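Per-entry structural report
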Amino acid sequence: MSKSVRKFYGKPVPDGEIIQVVDGKATKPTRPIIPFIDGDGIGTEISVATRRIIDAAVAKCYGDKRNIVWLPAYAGDAAVAQFGSPLPAETLEMLDYFGIGMKGPLGTPTGGGIRSLNVTMRQHFDWYSCVRPVRYFRGIVSVVKRPQDLDVVIFRENTEDVYAGVEFEAGSEGALEIIAVAKKYGHEIREDSGIGIKPISKFASRRIVRSAIEFAIEHGRKVVTIVHKGNIQKHTEGAFLKWGLELAAEEYPGLFVSEDELWKTHGGKLPEGKILLNHRIADATFYELLCKSTQFSVIATTNLNGDYISDAAAGQVGGLGIAPGANIGAKSAMFEATHGTAPDIAGKGISNPCSLTLSGVMMLEYIDWDEAAVCVTRAIEKTLRSKTATGDLARFMKNGNQVNTVQFTDAVIANMVKPTKRTVDAALKGKKAIRQ
Ligand code: NAI
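Attention here is on the structure that accompanies the text.

How each quantity is defined
- For every chain, the first residue of the written sequence is number 1, and numbering continues from 1 along that sequence.
- Totals for whole chains, interfaces and linings use all residues, but because this is a predicted model, local features are given only for residues with pLDDT of at least 70 and pairs of side-chain atoms are given and counted only at 80 or more.
- For the side-chain quantities, the full set of heavy atoms in the structure was used; hydrogens and water were omitted.
- Remark: nonpolar core denotes a set of buried residues (Ala, Val, Leu, Ile, Met, Phe, Trp, Tyr, Cys) joined through side-chain atoms within 4.5 Å.
- Here the term buried applies to any residue with accessible area under 20% of the maximum for its type, exposed to any over 50%, and partly exposed to those in between, with areas from a 1.4 Å probe on protein chains only.
- Put simply, DSSP marks the helices as runs of H or I at least four residues long and the strands as runs of E at least two long, and each gets a number from the N terminus on.
- Contacts: residue pairs with any heavy atoms within 4.5 Å of one another.
- Any carboxyl oxygen of Asp or Glu that lies within 4 Å of a side-chain nitrogen of Lys or Arg is treated as forming a salt bridge with it.
- A helix is expected to span 1.5 Å multiplied by its residue count minus one.
- Paired strands, as defined in this entry, are two strands with at least two bridges between them according to DSSP.
- Lines fitted to C-alpha atoms define the axes here, with helix axes fitted over just the stretch in contact, and angles between the N-to-C directions of these axes take values from 0 to 180 degrees.
- What makes a residue near a molecule or strand is one non-hydrogen atom of that residue sitting within 4 Å of it.
- Counting of polar contacts relies on pairs of N or O atoms within 3.5 Å, with two restrictions inside protein: one atom must be capable of donating a hydrogen and the other of accepting it, and residues adjacent in sequence are counted only when both atoms are side-chain atoms.
- Using a 1.4 Å probe, the Shrake-Rupley method yields the accessible areas, and only the shown protein chains count as cover for residues.
- Any angle that falls under 35 degrees is termed roughly parallel, while one over 145 is termed roughly antiparallel, one within 65 to 115 roughly perpendicular, and all others oblique.
- Handedness of a crossing follows from how the near helix is turned relative to the far one, being left-handed for an anticlockwise turn of less than a right angle and right-handed for a clockwise one.
- Classification convention: Asp, Glu, Lys, Arg as charged; Ala, Val, Leu, Ile, Met, Phe, Trp, Tyr, Cys, Pro as nonpolar; all other residues, Gly among them, as polar.

Here we take up the nonpolar core. Among the nonpolar cores identified, the biggest contains 88 residues, and I68, M102, F335, M363, L364, Y366 and L384 are the most heavily contacted of them. Here the element with the most residues in this core is helix α11 (residues 354-366); it accounts for eight residues. Setting aside anything within four residues of it in sequence, one finds M363 in contact with I34, I68, W70, I100, M102 and F335. If you look at the next biggest cluster of nonpolar residues, it comprises 23 residues, including I37, A75, L92 and M334.

Applying the stated criterion across every chain, the model contains 22 salt bridges. With a closest N to O distance of 3.6 Å, D307 and R156 form a salt bridge. Taken together, the residues D307 in helix α10 (residues 303-317) and R156 in strand β9 (residues 152-157) connect sequence positions 151 residues apart. Between E288 and R280 there is a salt bridge whose closest N-O contact spans 2.7 Å. For R280, a relative accessible area of 13% puts it in the buried group. Look at the salt bridges and you will find they share partners, linking R206, R210, E250 and E251 into a network.

This paragraph deals with helix α12 (residues 370-385). Given a rise of 1.5 Å per residue, 16 residues ought to cover 22 Å, and the 22 Å separating the end C-alpha atoms of α12 matches this to within 8%. Counting buried positions along α12 gives twelve out of 16 residues, so the element sits mostly inside the fold. Every buried residue of α12 is listed here: D370, A372, A373, V374, C375, V376, T377, A379, I380, E381, T383 and L384. Structurally, α12 contributes buried residues whose contacts are with α1 (43-62), α11, β18 (388-389), α13 (391-394), α14 (405-414) and α15 (421-428).

Turning our eyes to something else, we now look at the sheet that holds β9. Taken in spatial order, the eleven strands make up an open sheet running β6-β5-β7-β17-β16-β8-β9-β15-β12-β14-β13, and their pairing is mixed. Two strands lie at the open edges of the sheet, namely β6 (69-73) and β13 (256-257), each paired on one side alone. By the bridge criterion, four bridges tie β9 to strand β15 (residues 298-301) in an arrangement that is parallel. Across the sheet, the residue bridging to R156 is T301, located in β15. Docked against the sheet, helix α9 (residues 282-291) engages β12 (223-228), β14 (275-281) and β15, running at close to 115° with respect to β14. Sitting on the sheet, α11 touches β5 (33-37), β6, β7 (100-103), β8 (129-134), β16 (326-328) and β17 (333-336), and the angle it makes with β17 is about 150°.

Time to look at the site of the ligand. Taken together, the neighbourhood of the ligand is formed by 20 residues, with L106, T108, G340, A342 and D344 sitting nearest. Here an oxygen atom of the ligand and a side-chain polar atom of N118 are 2.9 Å apart. Contacts to the ligand include A342, whose backbone N or O atom sits 2.7 Å from an oxygen atom. Against a free-state accessible area of 820 Å², the protein chains account for coverage of 69% of the ligand.

A few words on the packing of α1 against α11. The N-to-C vectors of α1 and α11 enclose an angle of 40°; their axes lie 9 Å apart at closest approach. Regarding the angle of α1 to α11, the classification is oblique. Pair α1 / α11 crosses with right-handed handedness. Here I46, S47, T50, I53, I54 and V58 of α1 lie close against α11, whose contacting residues are L356, T357, G360 and L364. The residue makeup of the contact of α1 with α11, split by class, is six nonpolar, four polar and no charged.

None of this, on its own, says anything about what the molecule does.
And the structure:
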């Protein structure tokens with residue numbers, strides 16, 4: 001661990017450790033430096049809350065033996081105000097240098113304007129795996145009757161698909177050329193069409209399916225479902241499925257049982273030591289997540305499907321306010337909530353910090369600080385179970401205690417207990433959403 005003398009934004013880096021990531025796994029530090037982009041809209045309030053909660057858990061679990069050195073990083077509105085750019089080169093250098101980060105949401109204009117900063121960063125750092133665990137917390141009132149039936153970890157491919165950003169405005173030279181090429185191959189496209197390109201590669205498909213499988217193996221999860229829209233988009237979504245199944249057969253011979261084999265050979269009972277590898281068309285997945293929730297455990301899917309499915313699944317267990325996520329690459333990782341800047345409630349101090357805080361839990365698991373991870377999760381569980389929640393959740397609770405962001409943060413910290421080793425082992429069994 002090297003002590004750095006580097007400067008970012010004109011300031012020397014504080015004392016602390018740089019986390020080394022080798023083959024996608026982080027080393028176990030005692031004073032890690034974690035860059036933190038607060039983000040736009042509700043970003044600052046949930047970022048402040050998250051750091052308070054994580055710091056409190058770290059102090060509770062390790063006393064003064066460990067602490068996180070948060071380092072401000074800039075993107076979005078704050079970066080424009082200070083540096084005249086929404087994504088300064090130094091921010092990218094900083095994240096590259098430290099190999100880890102947390103961030104609040106960043107706004108993206110719809111239709112025109114700058115490209116999504118999130119998408120730009122995911123591609124720049126090749127954070128190919130977007131990992132989104134979705135589970136239910138007791139106390140939350142959901143729109144479905146049995147939200148507790150859903151406990152799924154979604155692996156969304158993060159670098160390709162329509163998110164690759166290859167788009168041509170209607171009437172532009174690029175659009176017209178592509179229309180001409182399509183015509184050459186027998187496809188009629190209206191002249192006044194905007195064109196978007198959807199690249200899905202064998203390489204990226206294989207590595208996201210591999211991540212999902214590795215996760216299932218490590219966490220004792222028994223079903224991996226490849227979700228695709230290959231019935232319509234045969235050479236992209238269909239190929240994703242084909243390449244995923246090929247990878248499973250090549251790299252994990254004998255591990256999987258197909259759905260056909262499950263019923264025809266094993267009478268519907270998964271044999272010991274095996275994992276069910278099945279697949280679903282994306283639209284059917286939305287239906288089955290709702291109506292047959294228990295059938296899902298780990299999902300591997302393409303970028304757009306994963307985006308839609310993770311919001312829908314989050315809604316099923318109570319909403320975007322409790323939807324964490326992580327973007328993982330071979331060399332670095334970024335932990336961020338699933339939701340956006342929530343412009344409708346920004347500045348009111350009423351946002352729910354749980355999504356970002358639970359992303360922080362994923363970060364703690366990533367650096368192997370399991371006790372602190374469990375401490376935060378259990379404090380959030382206890383707070384929500386007692387029906388103390390921010391407005392997005394409390395308004396649906398019978399006799400809910402509706403509090404603002406700061407009050408919720410205080411309540412979570414007040415509910416913290418240092419977990420015993422047994423509690424940590426029990427809580428983490430099969431529940432770690434990050435280590436691959
Ligand atoms: P959104 O996720 O910001 O908001 C959707 C709804 O969920 C709103 O009603 C909002 O109030 C509510 N909500 C979201 N987070 C909440 C929280 N923590 N507590 C309580 N309520 C919460 O989606 P929207 O409005 O479509 O997007 C706003 C902006 O955020 C857009 O510019 C979009 O591009 C950006 N965005 C950024 C993301 C990121 O930085 N990772 C992800 C998704 C969207």
